[in-house]
Amino acid sequence: MALTERLAHVLAEVAFGVLHDLVKWFVPRKKEADPVHRRTFLNAASGSAIALGTSGISDHGRLGISDVRRFHRDYVAILRADDAGRGSTRVENLAVELASRIESALAVSTASTRVRDMLHRLAAEVISSAAFASLDASAPQRARVHLDRALTFAGLSQDSEAMFHVWNHMFLTSSMRENHPEAVAGAEVMKRSSIARRDPLYASLGHVRTANGLARLPARRSDALRALNDAERAFARATEQQRPEWVSFYDSSEFDALSSFMWTALGDHGRAEYCLHRTLASLPDGMVRNRALYTAHLALAQARQGDLELASATGRKAYVMLPSASGSRRTTNTLVATRNVLVASRSKAPEVAEWIEESAQWI
């Protein structure tokens, strides 16, 4: 189905209120034995491990809340690995495998409607994470394949938060392919979803995605600025509450980072640099990959303002902090763009010449 047809279908559902939140993840926990066998995936570079369940569900058994929790723990482990920059390909493969295990369990087992909806929602979120890993590796076509599958699971779950998650990554996929009208259309779906109407945090994310899409369209600067203002006001209204793990990335540091991307698109590199400094000052310590990514964007903003020696030092810092096995092409591509600005400047400054030569080894 073409994306425009999907947009029409989803917007119709939103208009009639079909997308609603049936299930919450945060159910009361009780102590129980966890008989599931564990399997360990090692990161060759750091020696760290991701332990995932191999499934303790017998064929044709009945799925329950304990099974949802086991799958959910595996999902959280994958998210933590992604934050730590343990390898986009590794994260993508683990997410695809986990989604397949959930799908297989649903195929061979019985379950209540509530449990089945929860597992469909979880499968949508897991596959969306696989799509994001593909995007981090600068593979938007592969991400799109994952998202088509995630959209099916989200529809089966009838859950607006899961659908929002999918369309958030649809926006990123369209943006990476530089199809900005399509990206803006996807952001409109996000803004009009029932979860965005209920929770200002989701509304803010929808608005800031819209701002970034509009900033890349001719003659839409004023619309982009209005969207960013709407995002800021919605973010200020958001309150602390339990939400799915995937959206925890969207805090004040991420708001500033996404704002910087809009200012970059509008050519205001000074404001972009200001926002990125705010981001790096408040970014949680565990967000290793994002710290390297936003430091790379800081280097690019500095280079575009003519601060060439400072940009060289910042670019070097970004590359050093990026885990060697991360596979984050978004980060390295940003550093390549920084290097291109430095080369075009023809600067003879030793710091600049040294980093140009040094970076040639990994470009």
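Each remark here, short or long, concerns the structure printed above.
Quick look at the structure, then. Please read these numbers as outputs of a predicted model, since none were measured by experiment.

This part covers the pattern of salt bridges. Working definition: two side chains of opposite charge can pair if their charged atoms are close together. Under the definition given, this model contains 22 salt bridges. Where Glu103 meets Arg149, a salt bridge forms, and the shortest distance between an N and an O atom there is 2.8 Å. Of this pair, Glu103 sits in helix H3 (residues 88-108) while Arg149 sits in helix H5 (residues 140-157); the two residues are 46 residues apart in sequence, bridging distant segments of the chain. Relative accessible area serves as the criterion here: at 37%, Glu103 is assigned to the partly exposed category. Its salt-bridge partner being Asp223, residue Arg220 comes within 2.6 Å of it at the nearest N-O pair. One continuous salt-bridge network, built from bridges that share partners, spans Asp82, Asp136, Arg289 and Arg330.

Right, let's talk about the side chain of Ser204 for a bit. On the secondary structure map, Ser204 appears in helix H9 (residues 200-214). Residues in contact with Ser204, not counting those within four places in the same chain, are Ala231, Ala234, Phe235, Tyr250 and Phe255.

Moving on, we get to unusual backbone geometry. Residues apart from glycine generally show negative phi values, whereas peptide bonds are mostly found in trans. Of note, Glu178 is a non-glycine position whose phi angle comes to about 60°, a positive value. Here Glu178 is to be found in the loop between helix H6 (160-176) and helix H7 (180-192). According to the relative accessible area criterion, Glu178 is exposed, its value standing at 63%. A positive phi angle is found at Arg346, which is not glycine, with a value near 55°. Structurally, Arg346 can be placed in the loop between helix H15 (329-345) and helix H16 (350-359). Of the residues examined, Arg346 reaches a relative accessible area of 70% and is grouped as exposed.

Looking now at the packing of helix H2 (residues 65-83) against H3. Viewed as axis vectors pointing N to C, H2 and H3 meet at an angle of 170°, and their least axial separation amounts to 10 Å. Judged on the interaxial angle alone, H3 and H2 are roughly antiparallel. Contacts from Phe71, Asp74, Tyr75, Ile78, Ala81 and Asp82 in H2 reach Val91, Leu94, Ala95, Leu98, Arg101, Ile102 and Ala105 in H3.

Further remarks concern the nonpolar core. Residues Ile102 and Leu205 are the most contacted members of the largest nonpolar core, which totals 84 residues. The greatest single-element share of this core, amounting to 13 residues, is contributed by helix H4 (residues 113-136). With residues up to four places along the chain from it excluded, the contact list for Leu205 reads Phe164, Asn168, Met190, Trp246, Phe249, Tyr250 and Leu258. Listed in part, the 12 residues of the second largest apolar core include Leu308, Leu335, Ala349 and Val352.

The rules we used
- Residues numbered from 1 in each chain as written.
- Predicted model: local features only at pLDDT ≥ 70, side-chain atom pairs only at ≥ 80, totals over all residues.
- Heavy atoms only, no water.
- Salt bridge = Lys/Arg side-chain N within 4 Å of Asp/Glu carboxyl O.
- Helix = DSSP H or I, 4+ residues; strand = E, 2+ residues; numbered from the N terminus.
- Buried < 20%, exposed > 50% of the residue type's maximum accessible area, 1.4 Å probe, protein only.
- Contact = heavy atoms within 4.5 Å.
- Axes fitted to C-alpha atoms, helices over the stretch in contact; angles between N-to-C directions.
- Parallel < 35°, antiparallel > 145°, perpendicular 65-115°, else oblique.
- Core = buried A, V, L, I, M, F, W, Y, C linked by side-chain atoms within 4.5 Å.

Everything listed is a geometric property; what it means functionally is a separate question.
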